[in-house]
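The lines below spell out each chain.
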Amino acid sequence: MNIRSESADRLFRAILSLQSVDECYAFFEDICTITEIKDMCQRLDTAFLIDEGISYQKISDLIGVSTATISRVSRCLNYGAGGYRAVIDRMKEEEE
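The present account deals with the structure reproduced in this document.

Focus on the overall build of the protein
Along the protein, the regular secondary structure elements total 6 helices and 0 strands. Its C-alpha atoms give the protein principal-axis dimensions of about 35 × 30 × 30 Å. For the protein, long-range pairs separated by at least 24 residues make up 33% of all intrachain contacts whose partners lie at least 6 apart in sequence. On the protein, roughly 7400 Å² of surface is accessible, and the fraction owed to carbon and sulfur atoms is 52%. Across the protein, the mean location of the 11 positive side-chain charges is 7 Å away from that of the 17 negative side-chain charges.

A look at the layout of surface pockets
Of the voids in this model, the largest pocket is the one considered here, and its volume is about 2000 Å³. Contributing to the lining of the largest pocket are 37 residues, with Ile-15, Phe-28, Met-40, Leu-44 and Val-87 lying nearest its centre. The set of elements that each furnish at least two residues to the lining of the largest pocket consists of helix H1 (6-17), helix H2 (21-31), helix H3 (34-51), helix H5 (67-79) and helix H6 (83-95). With 8 residues, H3 is the single largest residue contributor to the lining of the largest pocket. Residues of the lining of the largest pocket, tallied by class, amount to 26 nonpolar, 5 polar and 6 charged.

Each value, and the rule that gives it
- Residues numbered from 1 in each chain as written.
- Predicted model: local features only at pLDDT ≥ 70, side-chain atom pairs only at ≥ 80, totals over all residues.
- Heavy atoms only, no water.
- Helix = DSSP H or I, 4+ residues; strand = E, 2+ residues; numbered from the N terminus.
- Contact = heavy atoms within 4.5 Å.
- Areas by Shrake-Rupley, 256 points an atom, 1.4 Å probe, with all protein chains shown as cover.
- Lys, Arg positive; Asp, Glu negative; His and termini not counted.
- Charge placed at Lys NZ, Arg CZ, Asp CG, Glu CD.
- 1 Å grid on protein atoms, 1.4 Å probe; cavity = no way out; pocket = protein on both sides within 12 Å on 5 of 7 lines; lining within 4 Å.
- Points joined across faces, edges and corners; volume = space filled by probe spheres on them.
- Nonpolar A, V, L, I, M, F, W, Y, C, P; charged D, E, K, R; others polar.

Shown next as structure tokens:
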């Protein structure tokens, strides 16, 4: 499924225009439900833990996500479009 469209471009340009964490909170609280935000947070946390080599069971215990979700995030991290990898690598660089 291809999500590329003018609407998606507009959404991603809007996200790129945000200039602070507070602006991100405000935008995402307006555009997403709390559950959607929490789900995205869990997926990103899962990707970071997979990258650290943490076991599926430990990730499930820590975050409360299903092993099916962990498996999907793992597939995306290892074989997906590269979005998780780009974010993880950039955030690791910022920490150093």
